[in-house]
Amino acid sequence: MGKKLSTIIVDDEALARKGLAVRLQSHDDIDIVMECSNGREAIEAVRAYQPDLMFLDIQMPGLDGFEVMQALLEQDLTLPVVVFVTAFDQYALKAFDVHAQDYLMKPADEERLAQTLDRVRSNLSSSEHAVHIEKLVKLVSDVTGHDSQDIINDLANNNPVTVSHFSDVLAIKDGGEVSRVPVKEILWIDAAGDYMCVHTNSETHILRKTMKQLEESLDPRLFIRSHRSTIVNKNYVDKFCSQLNGEYYLVMTNGKELKVSRSYKEKVKQSITS
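These numbers were taken from a predicted model, which means no experiment stands behind them. (Residues numbered from 1 in each chain as written. Predicted model: local features only at pLDDT ≥ 70, side-chain atom pairs only at ≥ 80, totals over all residues. Heavy atoms only, no water.)

Caption draft 1: Highlighting the nonpolar core. Membership of the largest hydrophobic core comes to 23 residues, with the highest contact counts inside it found for Val-10, Met-54, Leu-56, Val-68, Leu-72 and Phe-84. Of all elements in the fold, only β1 (5-10), α2 (39-49), β3 (53-57), α3 (65-74) and β4 (81-86) reach the threshold of two or more residues within this core. Per element, the largest residue contribution to this core is 6 residues, and it comes from α3. Among the nonpolar cores identified, the runner-up in size contains 16 residues, and Ala-21, Leu-53, Val-83 and Ala-108 belong to it. (Core = buried A, V, L, I, M, F, W, Y, C linked by side-chain atoms within 4.5 Å. Buried < 20%, exposed > 50% of the residue type's maximum accessible area, 1.4 Å probe, protein only. Helix = DSSP H or I, 4+ residues; strand = E, 2+ residues; numbered from the N terminus.)

Shown next, in the form of structure tokens:
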């Protein structure tokens with residue numbers, strides 16, 4: 001038998017912890033070093049044991065599973081392979097989006113659990129583990145809105161990774177009125193002299209603000225700079241196109257074509273395809 005995999009189980013329900021622990025006992029290479037009832041215990045267990053593997057419940061009081069992952073990276077702790085476990089299947093897509101090694105529904109099916117452990121063993125015995133760590137860094141980037149490379153640099157320099165909060169509404173003053181425009185309804189923003197034109201499907205709002213100020217106030221998980229004078233909401237990008245003359249442009253869901261400058265081309269392409 002090869003190396004035992006030190007494992008922690010994190011779940012606020014005692015019966016769920018016990019049930020998973022019992023199923024894992026049939027796998028000789030799994031060594032359960034701690035069972036945690038909440039996110040803070042999980043963080044301390046990772047700090048103390050540096051486990052190879054963590055089964056992590058998503059929905060818990062206090063810190064949920066995604067917040068636990070964020071905290072582990074912020075504190076620069078040694079990261080285990082992560083398998084999310086939950087009774088709520090609506091979290092499945094999000095779990096995969098944040099690059100979990102795998103995803104299990106409660107109660108864990110023995111055959112499905114065996115498949116998951118095979119993936120974990122493969123991950124830990126190959127270069128895939130380094131890829132897994134990179135994907136966890138991408139998770140923090142998704143959660144905090146920071147650039148992945150910035151986070152890697154912060155961690156390397158022992159700088160804290162801070163959480164950024166972005167407003168769901170953009171307040172736009174027009175004379176004596178203030179319009180509250182839901183950020184998720186903004187298709188794109190472009191500059192017109194000293195003003196910004198904020199485009200939604202139904203209307204265009206005029207805002208006196210600089211492009212830099214707007215870019216800093218909008219969530220970079222949704223909004224990307226495509227040109228010196230344009231910011232687009234990638235949720236409304238239908239196509240990324242090139243022309244024979246080497247120029248690039250975006251086609252929005254309403255049919256509007258927006259030019260992509262060469263300096264932003266690669267970042268835009270990466271953002272809308274990731």
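Now, onward.
Caption draft 2: A look at helix α1 (residues 14-24). The set of residues buried in α1 consists of Arg-17, Leu-20, Ala-21 and Leu-24. All buried residues of α1 lie within an arc of 100 degrees about the axis, which places them on one face of the element. Projecting away from the buried face of α1 at angles above 90 degrees are the exposed residues Leu-15 and Lys-18. Each element contacted by the buried residues of α1 is listed here: β1, β2 (30-36), β3, β4 and α5 (110-124). (Arc of directions from axis to C-beta. Contact = heavy atoms within 4.5 Å.)

Caption draft 3: Just the sheet that holds strand β14 (residues 248-252), in detail. A sheet is described by the order of its strands in space; here 3 strands give the open sequence β13-β14-β15, paired in antiparallel fashion. Single-partner strands in this sheet number two, and they are β13 (237-242) and β15 (257-260). When the angles between neighbouring strand axes are averaged without regard to direction, this sheet yields 25 degrees. Pairing of β14 with β15 involves 4 bridges; the strand directions are antiparallel. The residue bridging Tyr-248 from the neighbouring strand is Val-260, located in β15. (Pairing = 2+ DSSP bridges. Axes fitted to C-alpha atoms, helices over the stretch in contact; angles between N-to-C directions.)

Caption draft 4: Main features of the packing of aromatic side chains. Considering all chains together, one arrives at 1 aromatic pair under this definition. Aromatic pair Phe-240 and Tyr-248: ring centres 5.7 Å apart, planes at 20 degrees, arrangement stacked. Looking at Arg-208, its charged tip hangs above the ring of Tyr-195, at a distance of 5.2 Å from the centre. (Phe/Tyr/Trp six-rings, centres within 6.5 Å; stacked < 30°, edge-to-face > 60°. Lys NZ or Arg CZ within 6 Å of the ring centre and 35° of its normal.)

Caption draft 5: Here's a closer look at the packing of α1 against α5. Put simply, α1 and α5 touch, their axes get as near as 11 Å, and they point 70 degrees apart. What the angle tells us is that α1 and α5 run roughly perpendicular. Crossing hand, α1 versus α5: right-handed. Contacts between α1 and α5 involve Leu-20, Arg-23 and Leu-24 from the former and Glu-110, Leu-113 and Leu-117 from the latter. Looking at the contact of α1 with α5 residue by residue, the class counts come to 4 nonpolar, no polar and 2 charged. (Parallel < 35°, antiparallel > 145°, perpendicular 65-115°, else oblique. Left-handed = near helix turned anticlockwise from the far one by under 90°. Nonpolar A, V, L, I, M, F, W, Y, C, P; charged D, E, K, R; others polar.)

Caption draft 6: Main features of unusual backbone geometry. Even without glycine at this site, Gln-50 takes up a positive phi of about 45 degrees. Turning to its location among the elements, Gln-50 is positioned in the loop between α2 and β3. For Asp-76, which is not a glycine, the phi torsion comes out positive at approximately 55 degrees. By the secondary structure assignment, Asp-76 is in the loop between α3 and β4. We classify Asp-76 as partly exposed; its relative accessible area is 46%.

Caption draft 7: Quick peek at the pattern of salt bridges. Per the counting criterion, the structure on display carries 9 salt bridges. Note that Lys-259 and Glu-247 form a salt bridge whose closest N and O atoms lie 3.9 Å from each other. Placement of the pair is Lys-259 in strand β15 and Glu-247 in the loop between β13 and β14, with a sequence separation of 12 residues. Judged by its relative accessible area of 46%, Lys-259 is partly exposed. When its relative accessible area of 31% is taken as the criterion, Glu-247 is described as partly exposed. For Glu-266, the salt bridge identified is with Lys-265, shortest N-O distance 3.2 Å. (Salt bridge = Lys/Arg side-chain N within 4 Å of Asp/Glu carboxyl O.)

Caption draft 8: Here's a closer look at the pairing of strand β11 (residues 223-227). Burial analysis of β11 places 5 of its 5 residues in the buried class, which makes it a mostly covered element. Note that β11 and strand β12 (residues 230-233) share 4 bridges and pair antiparallel. If you follow His-227 over to β12, its bridge partner there is Thr-230. Hairpin connection, β11 to β12: the antiparallel pair is bridged by 2 residues.

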